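Analysis of the macromolecular model
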Amino acid sequence: MTAVLLDGKALAGQIQIEIADEVRAFVGRTGVTPCLAAVLVGENPASEVYVRNKQRACERVGVASQLIRLGGDASSSELLDLVARLNADAAVHGILIQLPVPKQIDSQAVLRAVSPLKDVDAFHPENVGLLVQGAPRFAPCTPYGVQQLLIRNGIETAGRHAVILGRSEIVGKPMANLLVQRGAGGDATVTICHSRTRDLPSITRQADILIAAIGQPQFVTAEMVQRGAAVVDVGMNRLDSGKLVGDVDFDAVRNVAGHITPVPGGVGPLTVTMLLKNTLSAAVLSVG
Ligand code: NDP
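Predicted, not measured: the structure shown is a model, and the values here were computed from it.

Our next topic: the sheet that holds strand β4 (residues 94-97). Sheet strands pair by backbone hydrogen bonding; their relative direction is either parallel or antiparallel. Spatially, 3 strands are ordered β3-β2-β4 in an open sheet, and the strand pairing comes out parallel. Either end of the sheet is taken by a strand with one partner, and the two such strands are β3 (64-70) and β4. Strand-to-strand twist in this sheet, taken as the mean axis angle between neighbours without regard to direction, amounts to 20°. Looking at chain direction, strand β2 (residues 35-41) and β3 are connected through 7 bridges and run parallel. The residue bridging Ala37 from the neighbouring strand is Gln66, located in β3. Relative to β3, helix α2 (residues 45-61) is tilted by about 160°, and along the sheet it contacts β2, β3 and β4.

In structure tokens, the structure reads:
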């Protein structure tokens, strides 16, 4: 068997066209241009690339963007002051604090200070709570993108066993919360695994849908995958050679899986796309 490729890049392009149409209609109706403010603290080459990609994506769909830079020695209170200003700025609809921030900054305090109505990454406890209750205001971008990837490729989730590797607040836990909700892209039976899980392969082999988000290069081998399973690789790991690989041994697993995402070109482009979707939703919320 050779797995069908889940082309996240192509899907992201398609969803961005839909978002651009929605943005145009929204601007025409309200005169308001959705705007995302990204905050970058210090100099981190990877963060620079991520923020640039997000700004370019904003441009493609007609969303305005601002980039606010603080020096690497910025304090928590400086960042909190900036967040307060952005919260109060009616022209800003979404606020993104690019992580990681330097060590001296209390990142939890900063993320909690972002207005829940502008929290397009969905990290604020209020938005986490709404998601857990099955009434999300914003869904966290990466899991939201994975859910869209499944829905739009016709991969049924209802009644199927989804196994998630990783329990982070950014990927693993919200992924589980989305898949267990009632409705499209939900109704799955969900298992979350982590570094303390015993006999991982015996669990992953039960997965109809296997989502890997552990940050361990090529960790998931063919022996860990049920024949025909849909395998979604969230991982992004840079090898010493410079090559970017996922958490799944793609070349081996594609011979067993029914569907598989590549890295790059799988989940990554969808993460950025769902950020645009959330920024538009925040702008819609702001006008009531
Ligand atoms: P974290 O480091 O926050 O979490 C990793 C999780 O994996 C933890 O729950 C950890 O368990 C678990 N884990 C680590 N090693 C193992 C193991 N050997 N067996 C079982 N579980 C293990 O990572 P993130 O969730 O932030 O990111 C995961 C990956 O996804 C990374 O490669 C990251 O770069 C990528 N990523 C990609 C995005 C995209 O857009 N494509 C967006 C966000 C992340 P424990 O809790 O017990 O420590």
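After that view of the structure, there is still more to cover.
The amide bond that connects Leu99 to the next residue, Pro100, takes the cis arrangement and shows omega of 0°. In this fold, Pro100 is placed in the loop between β4 and α4 (107-113). Residue Pro264 is bonded to the preceding Val263 through a cis peptide linkage, with omega at 0°. Among the secondary structure elements, Pro264 is positioned in the loop between β11 (259-260) and α10 (267-287). In this structure, Gln218 takes a positive phi of about 50° despite not being glycine. With respect to the helices and strands, Gln218 occurs in the loop between β7 (209-212) and β8 (230-233).

Glancing now at α10. The end-to-end C-alpha distance of α10, which contains 21 residues, comes to 31 Å, matching closely the 30 Å that a straight helix rising 1.5 Å per residue would cover. Among all positions of α10, only Val267, Leu270, Val272, Thr273, Met274, Leu275, Leu276, Asn278, Thr279, Leu280, Ala282 and Ala283 are buried. Of the residues trailing α10, Gly288 is marked for its positive phi of about 80°.

Quick look at the site of the ligand now. In the vicinity of the ligand, 20 residues are found, and the nearest of them are Arg167, Ser168, Ser195, Met236 and Thr271. Between the ligand and Val234, the relevant distance is 3.3 Å, taken from a nitrogen atom to a main-chain nitrogen or oxygen of the residue. Burial of the ligand by the protein chains amounts to 70% of its free accessible area of 930 Å². Counting residues per element, the shell around the ligand draws most heavily on α10, at 3 residues. Residue composition of the shell around the ligand, by class: 8 nonpolar, 11 polar and 1 charged.

About the thresholds
- Residues numbered from 1 in each chain as written.
- Predicted model: local features only at pLDDT ≥ 70, side-chain atom pairs only at ≥ 80, totals over all residues.
- Heavy atoms only, no water.
- Pairing = 2+ DSSP bridges.
- Helix = DSSP H or I, 4+ residues; strand = E, 2+ residues; numbered from the N terminus.
- Axes fitted to C-alpha atoms, helices over the stretch in contact; angles between N-to-C directions.
- Contact = heavy atoms within 4.5 Å.
- Expected span 1.5 Å × (residues − 1).
- Buried < 20%, exposed > 50% of the residue type's maximum accessible area, 1.4 Å probe, protein only.
- Near = heavy atom within 4 Å.
- Polar contact = N/O pair within 3.5 Å; in protein donor to acceptor, adjacent residues only side chain to side chain.
- Areas by Shrake-Rupley, 256 points an atom, 1.4 Å probe, with all protein chains shown as cover.
- Nonpolar A, V, L, I, M, F, W, Y, C, P; charged D, E, K, R; others polar.

All quantities given are derived from atomic positions and should not be read as evidence of function.
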